[in-house]
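Observations on chain architecture
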Amino acid sequence: MSALAGAALAASSLDLLQYSPPGWGANLLRGLMNSIIIAFGAFGLGSLIGVAGAFGKLYGGPVTRDLLAIYTTVVRAVPELVLILILYYAVTDSVNRLLIGFGFDRIQISGLAAGIAVLGVVQGAYATEVLRGAILSVPAGQIEAARAMGMPPALLARRITLPLMLSAALPGLANLWLIATKDTALLAVVGFGELTQETRQAAGTTKAYFTFFMAAGALYLVLSIGSGWIFARLERWARRGQRGVRG
Amino acid sequence: MNRAFWQPHRLVMAAVALALVAWCALTLRWDWLPDYLGLAPLGLWRTIWILLASVTLGMALAIPLGLAQAAGPWWLAWPARAFCTVIRGTPLLLQLWLLYYGLGSLFPQIPWIRHSELWPILRQAWPYALLALTLSFAGYEGEVMRGAFRGVAHGQLEAARAMGMPRLTLLRRIWLPQAVQRALPTLGGETVLQLKATPLVATITVVDIYAVASRVRQDTFITYEPLLLLAVVYMAITGLIVLLFRALERRIPSRAA
């Protein structure tokens, strides 16, 4: 009897996914949009930190190198959830202290900005290692030749090192992007309205847990498979002109 | 300590670090610590227990998953690949909540489950936590083991077959040991990642070390101190895992090139 009721519930629960208000589709899509924005921001910020960190680790002084080693080791050893909490409170606290110090009112930092900043710092540690390895794969002769031509370091990085390392860095960066999309789910624990949080809200209200979690899973899956396809194309583009392993 | 490590700037940095630790110990609030001396080891034990169990069970699942993808017929390889893609393509938090809230709301509706011997266990949260973490580890490691199985040199397998070794013996003596040896550095990193995934179980009311720290924050309204201590605890466990895997890797003889 109850199994029958369950089956009936499952059949009718597909209606819950409709876009307009009786359904929760709009909420899920809004959550997905938030997730994608945060993942984009965090990935971009992380890549910037990663480029700076990789150059610092390879060409920096001994103190820079040791500090960066501490940064990457700590971030990779502590769970993201704990880092998110620490950084979230630390960032909002210090911003507000600065503001009060300069005579302004305290502000509420938006979950979006905090999420991007925190996940960006986490991504930066992984990106540093990925990009360091990729820069090391650039043939030393290319960089030496550019130096011998008197190319300034910034121009050298822009014209020689970064384009040449791209093909080696892309697989690692693709992995990081996938991690970024999935790590946005952690912001649900701090109560930010991204996809997983919206899903839980919808599921909790309607009691159709399977329907909503499966639907959200499908959205995440489409996102990761789609971006996997894009990254594969990007890598083929970055490897153009390189000789294949199979000859 | 060797002299190469203790360069002058490192001495200064170590001094700064010590000063920071001393400042933390003296000026931050630690008076709540004695109240939680009973609960904290319990939480720590639960974190470690769930990590060990999920890594062991997940690995046991990952080996057939990897084997099916590397050498199985299509009707085994396809489901295995689909499983790995789904697990790796969705967040662990979502999988955890799907199992806990989904199965947790489904089971009570089925009478024979509610009247079975297992019901007292299924009513708790930890079986769902363990199941979710195990499946997740199996999904990621299945992919790692696929590469590792593929990477074993063909000559080794052909030689074993030429000697008339039965297929199971070949797997046990030649294929599996060499694949695990190849995968060992990756598995060490993945175990650390698994440790970093364990605090998620606190969101479904399993009291691990992270949940203990959250409870301290709720009880005392102290923000930073429990979190900092928690970070130190996780770093210590990570250090242990890294040391363990380094010892494991050293036990396996390898020819220096």
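Residues numbered from 1 in each chain as written. Chains lettered and ligands numbered in written order. Predicted model: local features only at pLDDT ≥ 70, side-chain atom pairs only at ≥ 80, totals over all residues.

1. Quick notes on the overall build of chain B
Scanning chain B from terminus to terminus reveals eleven helices and zero strands. Listing each helix as α and each strand as β along chain B from the N terminus yields α-α-α-α-α-α-α-α-α-α-α. For 257 residues, the compact-globule estimate of 2.2 N^0.38 gives 18 Å, and chain B exceeds it by more than 25% at 23 Å. Counting only C-alpha atoms, chain B reaches 70 × 65 × 30 Å along its principal axes. The burial tally for chain B puts 31% of its 257 residues in the buried class. Intrachain contacts of chain B at a sequence separation of at least 6 include 78% that bridge at least 24 residues. (Helix = DSSP H or I, 4+ residues; strand = E, 2+ residues; numbered from the N terminus. Rg over C-alpha atoms; globule rule 2.2 N^0.38 Å. Buried ≥ 20, exposed ≤ 12 C-beta atoms within 10 Å, placed from the backbone. Contact = placed C-beta atoms within 7 Å.)

2. Digging into the overall build of chain A
Looking only at helices and strands, chain A has nine helices and zero strands in total. Counting from the amino terminus, helix and strand elements in chain A follow one another as α-α-α-α-α-α-α-α-α. When each of the 247 residues of chain A is scored for burial, the buried share is 36%. Excluding contacts between residues fewer than 6 apart, the proportion of contacts in chain A whose partners are at least 24 apart in sequence is 74%.

3. Topic: the UniProt feature "transmembrane region" (unreviewed entry) in chain B
Per the UniProt entry, the sites bearing "transmembrane region" (unreviewed entry) are residues 48-68 and 227-248 of chain B in this numbering. Annotated as 100% helix and 0% strand, the span residues 227-248 of chain B places its first and last C-alpha atoms 32 Å apart. (UniProt positions renumbered as here; feature names shortened; annotations may be inferred.)

4. Points about the nonpolar core
Most often, soluble globular proteins keep nonpolar side chains buried together rather than apart. If you look at the biggest cluster of nonpolar residues, it comprises 108 residues, and the most contacted ones within it are Val82 and Leu176 of chain A together with Leu93 and Leu96 of chain B. Excluding residues within four positions of it along the chain, Val82 of chain A makes contact with Pro199, Tyr210, Leu227, Leu230, Ala231 and Tyr234 of chain B. (Core = buried A, V, L, I, M, F, W, Y, C linked by C-beta atoms within 7 Å.)

5. As for the UniProt feature "domain: ABC transmembrane type-1" (unreviewed entry) in chain B
The UniProt record marks residues 44-245 of chain B with the feature "domain: ABC transmembrane type-1" (unreviewed entry), using the residue numbering of this structure. When the span residues 44-245 of chain B is considered, its composition is 83% helix and 0% strand, and the gap between its end C-alpha atoms is 21 Å.

6. Re the interface of chain A and chain B
In this complex, chain A contributes 34 residues to the contact, which on the side of chain B involves 30 residues. Going through the elements one at a time, helix 1 (2-12), helix 3 (62-77), helix 4 (80-101), helix 8 (195-206) and helix 9 (209-238) of chain A are the ones with two or more residues in the side of chain A that touches chain B. Tallying contributions element by element places helix 9 of chain A first for the side of chain A that touches chain B, with nine residues.

7. Some thoughts on helix 4 of chain A
Taking 1.5 Å per residue, 22 residues should reach 32 Å; helix 4 of chain A reaches 31 Å between its end C-alpha atoms and fits that length. On the buried face of helix 4 of chain A, the contacting elements are helix 3, helix 5 (111-136) and helix 7 (153-183) of chain A together with helix 9 (167-197), helix 10 (209-220) and helix 11 (224-251) of chain B. (Expected span 1.5 Å × (residues − 1).)

8. Examining the UniProt feature "transmembrane region" (unreviewed entry) in chain A
Residues and elements named next belong to chain A. Under the UniProt annotation, "transmembrane region" (unreviewed entry) lies at residues 35-56, 68-89, 109-127, 160-180 and 208-232. Each end of residues 35-56 is marked by a C-alpha atom, and these two atoms are 31 Å apart; helix forms 100% of the span and strand 0%. For the annotated span residues 68-89, helix accounts for 91% and strand for 0% of the residues, and the straight-line distance between the end C-alpha atoms is 23 Å.

9. Side note on the packing of helix 3 of chain A against helix 5 of chain A
Residue and element names in this part refer to chain A. Their axes nearest at 9 Å, the elements helix 3 and helix 5 cross at an angle of 120°. Note on packing geometry: the crossing formed by helix 3 with helix 5 is left-handed. Residue-level contacts link Leu68, Tyr71, Thr72, Val75 and Arg76 of helix 3 to Val122, Ala125, Thr128 and Glu129 of helix 5. (Axes fitted to C-alpha atoms, helices over the stretch in contact; angles between N-to-C directions. Left-handed = near helix turned anticlockwise from the far one by under 90°.)

10. Here's the deal with the packing of helix 2 (residues 39-71) of chain B against helix 9 of chain B
All names here are of chain B. Across the interface, helix 2 lies against helix 9 with an axial gap of 10 Å and an inter-helix angle of 135°. Judged by the angle between their axes, helix 2 and helix 9 are oblique. Crossing geometry of helix 2 relative to helix 9 is assigned as right-handed. Two secondary-structure elements touch here, helix 2 through Leu51, Ser54 and Val55 and helix 9 through Thr191, Gln194 and Leu195. When the residues that make up the contact of helix 2 with helix 9 are grouped by side-chain class, the tally is three nonpolar, three polar and no charged. (Parallel < 35°, antiparallel > 145°, perpendicular 65-115°, else oblique. Nonpolar A, V, L, I, M, F, W, Y, C, P; charged D, E, K, R; others polar.)

11. Focus: helix 9 of chain B
Residues and elements named next belong to chain B. Across its 31 residues, helix 9 extends only 37 Å between first and last C-alpha, which sits more than 12% below the 45 Å expected from 1.5 Å per residue. Maximum bend of helix 9: about 55°, positioned at Leu184, with proline Pro185 one to four residues after it. Those residues of helix 9 that fall on the buried side of the exposure criterion are Trp175, Ala179, Ala183, Leu187, Thr191, Gln194, Leu195, Lys196 and Ala197. (Bend = angle between axes of the 7 residues up to and from the residue.)

12. Considering the UniProt feature "domain: ABC transmembrane type-1" (unreviewed entry) in chain A
With numbering matched to this structure, UniProt assigns "domain: ABC transmembrane type-1" (unreviewed entry) to residues 32-231 of chain A. Taken end to end, residues 32-231 of chain A is 84% helix and 0% strand, and its first and last C-alpha atoms sit 20 Å apart.

13. Quick word on unusual backbone geometry
Residues and elements named next belong to chain B. Even without a glycine there, the phi angle at Thr205 is positive, about 70°. Topologically, Thr205 is positioned in the loop between helix 9 and helix 10. One non-glycine residue, Phe221, adopts positive backbone phi at about 60°.

14. Observations regarding the confidence of the model for chain B
All names here are of chain B. In the predicted model, chain B carries a mean pLDDT of 88, and the fraction of residues at 70 or more is 97%. The lowest-confidence element of chain B is helix 5 (residues 111-114), averaging 76 in pLDDT; the highest-confidence one is helix 2, averaging 93. Interface confidence in the predicted complex, given as ipTM, is 0.83; pTM for the same model is 0.86. (pLDDT = per-residue confidence, 0-100.)

15. Details of the environment of Trp177 of chain A
Residues and elements named next belong to chain A. One can find Trp177 in helix 7. Along the sequence, Trp177 and Ser224 sit 47 residues apart, while their C-alpha atoms lie 8.9 Å from each other. Apart from the residues lying within four places of it in its own chain, the contact partners of Trp177 are Phe43 and Ser227.

16. Describing the environment of Ser54 of chain B
With respect to the helices, strands and loops of the structure, Ser54 of chain B is situated in helix 2. Every residue in contact with Ser54 of chain B, bar those within four places of it in the chain, is listed here: Leu130, Leu133, Thr134, Phe137 and Gln194 of chain B.

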